[in-house]
Amino acid sequence: MTVEGPRLDALTGVDYVKAGRVARITLNRPDRLNALDLRTHEELALVWDDFERDDDLWVAVLTGAGDRSFSAGQDLKELAERVRGGTAEPSTFGSRGKPGWPRLTERFELAKPVVARVNGYAFGGGFELALACDIVVAAEHATFALPEARLGLMAGAGGVFRLTGQAPYRAALGHLLTGRPMTAARAYELGLVNEVVPAEDLDSCVDAWVEDVLRCAPLSVRAIKEAAAAARTMPLQEAFRTRFVWEEKRMHSADAQEGPLAFVEKRPPRWTGR
């Protein structure tokens, strides 16, 4: 008997809605605190593939259903069942060979911006998803943690790498070695979150960030994201010499001419992404 994989038109653990230029992606397992089981990873891969290839979509918002959790990370109940059944294989960094590869945490070539709307727990893989996003907006009650060390596991979806790269090393290592959670306010202090707002203001704040992104030329946004990510690991002189894929597209685009013309003509620019 062949088990049919997930289809984009029949998602069960993820909601995917396109609204104009915005893709709204919601982890929809609130009864499990939006934990990530293997099927959810498979569904997310379909969603990210579609978002990446749809030229009409310029930005994505990633969140979790309900007001308790963005995502509690790996579905440990599912993992425990596989451990008991003898089907849980040793696991380390990365998702290659696993359902849903490449996951968002390894989509290094994804140039479109992703905004994380964190509305509660962002634990383990949930925190790693937020760390992989470009803009993070959190409700005041949001809590972040990488508790893998307490479980004999590893923050293998980039948590070890991204947290030590995005926060001061000593602070990051303290949270990694102990699994201690951090409040949204503390995450903001460490530069891991762009803005923290009351829960009732979360949607309007996220929408404001999305609107600001959409006011910018989409090719400029992608070129900036690509170059900024690459420059984190290369010497400054090398960064200046590098020919970036999206910057090549931007510099030769109609939008690169539209921006200055619109400014001089005192009108809103009409971006085409071309």
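Up top is the structure these notes are about.
Residues numbered from 1 in each chain as written. Predicted model: local features only at pLDDT ≥ 70, side-chain atom pairs only at ≥ 80, totals over all residues. Heavy atoms only, no water.

Colleague: I'm lost on helix α11 (residues 255-264) in this one. Help?
Modeller: The periodicity of an α-helix, 3.6 residues per turn, causes residues three or four places apart in sequence to face the same way. When we look at burial in α11, the residues that qualify are Asp-255, Glu-258 and Ala-262. Taken around the axis of α11, the buried residues stretch over an arc of 45°, which confines them to a single face. The exposed residues of α11 that point more than 90 degrees off its buried face are Gln-257, Phe-263 and Val-264. Where α11 is buried, its residues contact α8 (218-231). A positive backbone phi angle near 55° is found at Lys-266, which sits one or two residues after α11. (Buried < 20%, exposed > 50% of the residue type's maximum accessible area, 1.4 Å probe, protein only. Helix = DSSP H or I, 4+ residues; strand = E, 2+ residues; numbered from the N terminus. Arc of directions from axis to C-beta. Contact = heavy atoms within 4.5 Å.)

Colleague: Got a minute to help me understand empty space enclosed by the protein in this structure?
Modeller: In this approach, a probe sized like a water molecule rolls over the atoms, and the result shows the empty space that is left. According to the stated counting rule, one finds 1 cavity of 30 Å³ or more in the structure shown. Put simply, the largest cavity is a space of about 40 Å³. Looking at the lining of the largest cavity, the elements that each hand over two or more residues are α7 (202-215) and α8. Looking at the lining of the largest cavity, the element that brings in the most residues is α8, giving 3 residues. Tallied by class, the residues present in the lining of the largest cavity amount to 7 nonpolar, no polar and 1 charged. (1 Å grid on protein atoms, 1.4 Å probe; cavity = no way out; pocket = protein on both sides within 12 Å on 5 of 7 lines; lining within 4 Å. Points joined across faces, edges and corners; volume = space filled by probe spheres on them. Nonpolar A, V, L, I, M, F, W, Y, C, P; charged D, E, K, R; others polar.)

Colleague: Can you help me understand the environment of Gln-237 in this one?
Modeller: Tracing the sequence through the fold places Gln-237 in helix α9 (residues 236-241). Residues Gln-237 and Gly-191, spaced 46 residues apart in sequence, show a C-alpha to C-alpha distance of 26 Å.

Colleague: Sorry, what's going on with the pattern of salt bridges here?
Modeller: Oppositely charged side chains may form a pair once their charged atoms are brought near each other. Considering all chains together, one arrives at 19 salt bridges under this definition. Across the pair Asp-203 and Arg-117 runs a salt bridge whose closest N-O atoms are separated by 2.7 Å. In this pair, Asp-203 is assigned in helix α7 and Arg-117 in strand β5 (residues 114-118), connecting sequence segments 86 residues apart. A residue is classified by how much of its surface remains accessible, and Arg-117, at 16% relative accessible area, is buried. Put simply, Arg-186 and Glu-189 hold a salt bridge, and the shortest N to O gap is 3.1 Å. Here Glu-189 and Arg-186 lie together in helix α6 (residues 184-189), a separation of 3 residues that amounts to about one turn. Residue Glu-189 is classed as exposed on the basis of its relative accessible area, which comes to 58%. Each member of the salt-bridge network shares a partner with another, and the members are Arg-29, Arg-32, Asp-37 and Asp-75. (Salt bridge = Lys/Arg side-chain N within 4 Å of Asp/Glu carboxyl O.)

Colleague: Looking at this model, I keep getting lost on the sheet that holds strand β9 (residues 182-183). Mind explaining?
Modeller: The pairing of strands in a sheet happens through backbone hydrogen bonds and is either parallel or antiparallel. Pairing in this open sheet of 4 strands is mixed, and the strands run β4-β6-β8-β9 from one edge to the other. Where the open sheet ends on each side, the last strands, each with one partner, are β4 (69-71) and β9. Sheet contacts for helix α3 (residues 125-132): β4, β6 (121-123), β8 (143-145) and β9; angle to β6, the most-contacted strand, approximately 95°. (Pairing = 2+ DSSP bridges. Axes fitted to C-alpha atoms, helices over the stretch in contact; angles between N-to-C directions.)

Colleague: What is the right way to read unusual backbone geometry from this model?
Modeller: With the exception of glycine, the majority of residues adopt a negative phi angle, and the majority of peptide bonds are in the trans configuration. Cis rather than trans, the peptide bond between Trp-101 and Pro-102 has omega equal to -5°. Mapped onto the elements of the fold, Pro-102 is located in the loop between α2 (76-85) and β5. With a phi angle near 55°, Leu-33 is a residue other than glycine that sits in the positive phi range. On the secondary structure map, Leu-33 appears in the loop between β2 (22-27) and α1 (38-53). For Leu-33, a relative accessible area of 23% puts it in the partly exposed group. Look at Asn-34: it is not a glycine, yet its phi comes out positive at around 60°. With respect to the element layout, Asn-34 can be found in the loop between β2 and α1. Judged by its relative accessible area of 1%, Asn-34 falls in the buried class.

Colleague: So what exactly am I meant to see when it comes to the packing of aromatic side chains here?
Modeller: The relation between two aromatic rings is expressed through the spacing of the ring centres and the mutual angle of the planes. As enumerated under the stated definition, the model contains 4 aromatic pairs in all. Each ring, one from Trp-48 and one from Phe-51, has its centre 6.2 Å from the other, and the planes form 70°; the classification is edge-to-face. With Trp-48 and Phe-51 both in helix α1 and 3 residues apart, the pair spans about one turn of that helix. Each member of the pair, Trp-48 as well as Phe-51, carries the same accessibility label: buried. Here the aromatic rings of Phe-93 and Phe-161 are separated by 4.9 Å at their centres, their planes lie at 35°, and the arrangement is tilted. Note that Phe-93 is positioned in the loop between α2 and β5 and Phe-161 in helix α4 (residues 159-166), a separation of 68 residues in sequence. Here the guanidinium or amino end of Arg-21 rests over the ring plane of Trp-58, the centre of that ring lying 3.9 Å away. Positioned above the aromatic ring of Phe-51, the side-chain terminus of Lys-112 is 5.0 Å from the ring centre. (Phe/Tyr/Trp six-rings, centres within 6.5 Å; stacked < 30°, edge-to-face > 60°. Lys NZ or Arg CZ within 6 Å of the ring centre and 35° of its normal.)

Just distances and angles here, no functional claims.
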